[in-house]
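Here is what each chain is made of, one letter per residue.
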Amino acid sequence: MFITFEGIEGSGKSTQIDACAQKFDACNIPFIVTKEPGGTELGKMIRQWLLNPETSFHHHYTELLLFIADRLEHVETVIKPALKQGMIVLCDRYKDSTIAYQLAGRQLDESIISLLNNLTELDPDLTLLFDCSIDVGLSRAKSRAKLDRFEDEDRQFHEHVYRTYQELAKKHSNRFHIIQADASIPNVQNQMFQVLSTYIKQLSL
């Protein structure tokens, strides 16, 4: 099973994916945790370029193409092999992030993004959208040491990203489950495990 974790900056998805990994360990469920960008050795280098606040791209499609290059290698060398071994893949960001951040945030061409996203036909079985307000998310992000390139974008950028996530959740309601992420960490975890338990029989609550 391929499960993706999505949300705006500071939504808490990375914290929850760690909690999910601990729970799966305790329940002896075979899984891997991975992320985009950065799920491969090449991806780690790409991630450094993309998130570094000092990075500056001179063409407006360079950023998108780096994300796609990361994904193509990631899917072929990490995600597909794990799925073939019968493991559950927990992935921090995937195609929906590309739509939210590149189409809505960067205002790039939808047809180009769709074409590039479809270079890999693998789609998630389940997507957890950690839905928190922009104010809460940015406050959490700013409480960390240093903002990355995306966290440091203006409010309009984050508003575009947020609205697009909501649209994606409505459009793909069979795949998306919205987790109210403004709540306390235990409350968010409880929501998450309630959703996951309907898909994974071995998950004991």
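The structure displayed is predicted, hence computed values, not measured ones.

J.: Looking at this structure, how should I read a nonpolar patch on the surface?
T.: A grouping of Leu-42, Met-45 and Trp-49 is seen on the molecular surface, where their side chains present a nonpolar patch of about 290 Å² in accessible area. Note that Leu-42 resides in helix 2 (residues 41-51). With a relative accessible area of 36%, Leu-42 lands in the partly exposed category.

J.: Honestly, the side chain of Asn-117 in this entry has me stumped. Any pointers?
T.: Within the secondary structure, Asn-117 sits in helix 5 (residues 110-117). In this structure Asn-117 comes out as buried when scored by relative accessible area, which is 5%. At a separation of 2.8 Å, a polar atom in the side chain of Asn-117 contacts the side chain of Arg-71.

J.: Would you explain the sheet that holds strand 5 (residues 176-180) in this entry?
T.: Remark on secondary structure: sheet strands pair via backbone hydrogen bonds, oriented parallel or antiparallel. Sheet architecture is open: 5 strands sit in the order 2-3-1-4-5, paired in parallel fashion. Strands with a single pairing partner mark the edges of an open sheet, and in this sheet they are strand 2 (31-35) and strand 5. With strand direction ignored, the average angle separating the axes of adjacent strands in the sheet is 20°. The sheet contact formed by strand 1 (residues 2-7) and strand 4 (residues 126-131) spans 5 bridges and is parallel. What sits directly across from Phe-5, in strand 4, is Leu-128. Contacting strand 1, strand 4 and strand 5, helix 7 (residues 155-171) crosses the sheet at an angle of about 140° to strand 4.

J.: Looking at this model, I keep getting lost on the nonpolar core. Mind explaining?
T.: In summary, soluble globular proteins display a tendency toward joint burial of nonpolar side chains. Counting residues in each nonpolar core, the largest one holds 42 residues, and the members touching the most others are Ile-3, Phe-5, Phe-24, Leu-90, Leu-128, Met-192 and Leu-196. If we skip the residues at most four places from it in the chain, Met-192 touches Phe-5, Gln-16, Ala-19, Cys-20, Leu-128, Phe-130 and Ile-179. Among the nonpolar cores identified, the runner-up in size contains 11 residues, and Ile-32, Ile-79, Tyr-94 and Leu-122 belong to it.

J.: Please clarify how unusual backbone geometry should be interpreted in this entry.
T.: Here Glu-36 and Pro-37 are connected by a cis peptide whose omega angle stands at -10°. Assignment of secondary structure puts Pro-37 in the loop between strand 2 and helix 2. Unusually for a residue other than glycine, Arg-93 sits at a positive phi of about 80°. As for its position among the elements, Arg-93 is in the loop between strand 3 (88-92) and helix 4 (95-105). Given the relative accessible area of 12%, Arg-93 is considered buried.

J.: Sorry, what's going on with the pattern of salt bridges here?
T.: Any two side chains of opposite charge can pair, on the condition that their charged atoms come close. The final tally for this structure, using the stated rule, is 13 salt bridges. Between Glu-41 and Lys-44 there is a salt bridge, with its nearest N and O atoms 3.0 Å apart. With Glu-41 and Lys-44 both in helix 2, this residue pair falls 3 residues apart, about one helical turn. Using a relative accessible area of 45% as the deciding quantity, one classes Lys-44 as partly exposed. Taking the shortest distance from any N to any O, the salt bridge between Arg-106 and Glu-153 comes out at 2.7 Å. On the criterion of sequence distance, the pair formed by Arg-106 in the loop between helix 4 and helix 5 and Glu-153 in the loop between helix 6 (134-142) and helix 7 is long-range, its members being 47 residues apart. Exposure remark for Glu-153: the relative accessible area of 26% places this residue in the partly exposed category. Three or more residues joined by partner-sharing salt bridges are found here, namely Glu-63, Arg-106, Arg-149 and Glu-153.

J.: For this particular structure, what's the right way to read the side chain of Arg-71?
T.: Within the secondary structure layout, Arg-71 lies in helix 3 (residues 62-84). Given the relative accessible area of 3%, Arg-71 is considered buried. Polar contacts involving the side chain of Arg-71 include one to the side chain of Glu-36, which spans 2.9 Å. A distance of 2.8 Å separates polar atoms of two side chains, one belonging to Arg-71 and the other to Thr-98. Each residue touching Arg-71, except ones within four places of it in the same chain, is listed here: Glu-36, Tyr-94, Lys-95, Thr-98, Asn-117 and Thr-120.

Calculation notes
- Residues numbered from 1 in each chain as written.
- Predicted model: local features only at pLDDT ≥ 70, side-chain atom pairs only at ≥ 80, totals over all residues.
- Heavy atoms only, no water.
- Patch = residues over 30% accessible without salt bridge, like charges linked within 9 Å, V, L, I, M, F, W, Y side chains within 5 Å.
- Areas by Shrake-Rupley, 256 points an atom, 1.4 Å probe, with all protein chains shown as cover.
- Salt bridge = Lys/Arg side-chain N within 4 Å of Asp/Glu carboxyl O.
- Helix = DSSP H or I, 4+ residues; strand = E, 2+ residues; numbered from the N terminus.
- Buried < 20%, exposed > 50% of the residue type's maximum accessible area, 1.4 Å probe, protein only.
- Polar contact = N/O pair within 3.5 Å; in protein donor to acceptor, adjacent residues only side chain to side chain.
- Pairing = 2+ DSSP bridges.
- Axes fitted to C-alpha atoms, helices over the stretch in contact; angles between N-to-C directions.
- Contact = heavy atoms within 4.5 Å.
- Core = buried A, V, L, I, M, F, W, Y, C linked by side-chain atoms within 4.5 Å.

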